[in-house]
Amino acid sequence: AMSGATPGSSTDESLAQVQAALASSGGGMQVANPFSNPGQANFTVEQLRAWLRQNGLEAQAHVDKLEDTGQTVGDEHLFKIESTLLIPGQSPQKLPASSMMVPVAVSHKLFQGMTLPVRYAAENHDLLMVEWDKV
């Protein structure tokens with residue numbers, strides 16, 4: 001059983017905080033709100049990850065485009081990413097451009113063209129997380 005929290009990670013950013021960081025970066029970037037239920041916008045990133053670790057389906061995401069925003073929130077670095085979701089037995093699905101919080105410890109491993117292990121929500125493919133411990 002893995003807690004999945006990065007060792008030494010005391011940060012537990014809520015989506016609202018992440019959106020605030022994006023807004024302050026001045027690039028006009030928007031985080032797509034993955035929830036129809038507004039109450040879930042107050043889920044912290046960790047709660048979302050915990051939910052996906054339990055309920056998410058395994059797949060891979062190919063990094064089509066990667067942009068470093070230069071922003072760090074807590075112990076995570078903010079990247080803008082365009083990716084294609086690769087689900088076994090299904091045709092590749094181009095995902096909307098999104099922001100991605102990457103643990104600083106693995107951010108140097110990130111590069112355009114790589115494939116990342118992810119877990120995604122079956123009913124909403126835009127809601128996914130990278131399994132950084134496997135990168």
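Above: the structure in question.
For the structure given in this document, a descriptive report is provided here. Computed from a predicted structure; not experimentally measured. Each residue is numbered by its place in its chain's sequence as written, counting from 1. In keeping with the model being predicted, local features are shown solely for residues with a pLDDT of at least 70 and side-chain atom pairs are shown and tallied solely at 80 or more, while totals for entire chains, interfaces and linings include all residues. Side-chain figures throughout are based on the complete set of non-hydrogen atoms in the structure, without hydrogens or water.

1. Concerning the overall build of the chain
Phase 1 of the analysis: Helix and strand counts for the chain stand at three helices and six strands.
Phase 2 of the analysis: Comment: elements are numbered from the N terminus, with helices defined as DSSP H or I runs of at least four residues and strands as E runs of at least two. Written out in order from the N terminus, the α and β elements of the chain read α-α-β-β-β-β-α-β-β.
Phase 3 of the analysis: Per-residue accessibility, obtained with a 1.4 Å probe over protein chains only, is compared with the maximum for each type, and a residue is labelled buried under 20%, exposed over 50%, and partly exposed between these values. Within the span of the chain, comprising 135 residues, buried residues form 38% of the whole.
Phase 4 of the analysis: Residue contacts are defined here by distance: any two heavy atoms, one from each residue, within 4.5 Å place the two residues in contact. A separation of at least 24 residues holds for 59% of the contacts in the chain among residues at least 6 apart in sequence.
Phase 5 of the analysis: Total accessible area on the chain is roughly 7400 Å²; 52% of this is exposed by carbon and sulfur atoms. Every accessible area reported is derived by Shrake-Rupley at a probe size of 1.4 Å, with residue values counting cover from the shown protein chains alone.

2. Considering the pattern of salt bridges
Phase 1 of the analysis: Any Lys or Arg side-chain nitrogen found within 4 Å of a carboxyl oxygen on Asp or Glu counts as a salt bridge. In the structure shown here, the tally under the stated rule is six salt bridges.
Phase 2 of the analysis: Close ionic contact of Lys94 with Asp64 constitutes a salt bridge, the shortest N to O distance being 3.0 Å. Separated by 30 residues along the polypeptide, Lys94 in strand S3 (residues 93-94) and Asp64 in strand S1 (residues 57-73) bring together distant segments of the chain.
Phase 3 of the analysis: Connected through salt bridges with shared partners, the residues Glu58, Arg119, Glu131 and Lys134 form a single ionic network.

3. A few points about the pairing of strand S4 (residues 98-103)
Phase 1 of the analysis: For S4, a buried count of five out of six residues is recorded, marking the element as mostly surrounded by other parts of the structure.
Phase 2 of the analysis: DSSP calls a pair of strands paired once it identifies at least 2 bridges connecting them. Relative to S4, strand S2 (residues 76-86) runs antiparallel, the two sharing six bridges. Pairing of His77 across the sheet is with Val102, part of S4.

4. Digging into the environment of Phe111
Phase 1 of the analysis: With respect to the helices and strands, Phe111 occurs in the loop between helix H3 (104-107) and strand S5 (115-121).
Phase 2 of the analysis: Measuring from C-alpha to C-alpha, the distance between Phe111 and Asp64 comes to 9.4 Å, with 47 residues separating the pair along the chain.

5. What about the side chain of Arg49?
Phase 1 of the analysis: One can find Arg49 in helix H2 (residues 45-55).
Phase 2 of the analysis: Discounting chain neighbours no more than four positions away, the residues touching Arg49 are Glu76, Met101 and Met129.

6. What about the nonpolar core?
Phase 1 of the analysis: We define a nonpolar core as any set of buried Ala, Val, Leu, Ile, Met, Phe, Trp, Tyr and Cys residues linked to one another through side-chain atoms lying within 4.5 Å. Ranked by internal contacts, the top residues of the largest apolar core, which has 19 residues, are Leu85, Met100, Val102, Leu110, Leu116 and Trp132.
Phase 2 of the analysis: Residue assignment for this core shows that the elements contributing at least two residues are S1, S2, S4 and S5.
Phase 3 of the analysis: Looking at this core, the element that brings in the most residues is S1, giving four residues.
Phase 4 of the analysis: Here Leu85 is in contact with Ala59, Gln60, Pro92, Gln93, Leu95, Val118, Tyr120, His125 and Leu128, once residues within four sequence places are set aside.

7. Section: the side chain of His125
Phase 1 of the analysis: For His125, the position within the fold is in strand S6 (residues 124-130).
Phase 2 of the analysis: On the accessibility criterion, His125 (19% relative accessible area) is buried.
Phase 3 of the analysis: By the criterion applied in these results, polar contacts are pairs of N or O atoms within 3.5 Å in which, for protein atoms, one can donate a hydrogen and the other can accept it, and in which residues neighboring in sequence qualify only through two side-chain atoms. For His125, the side chain forms a polar contact with the side chain of Gln93, separated by 2.6 Å.
Phase 4 of the analysis: Those residues in contact with His125, other than ones at most four positions away along the chain, are Leu85, Ile87, Gln90, Gln93, Leu95 and Tyr120.

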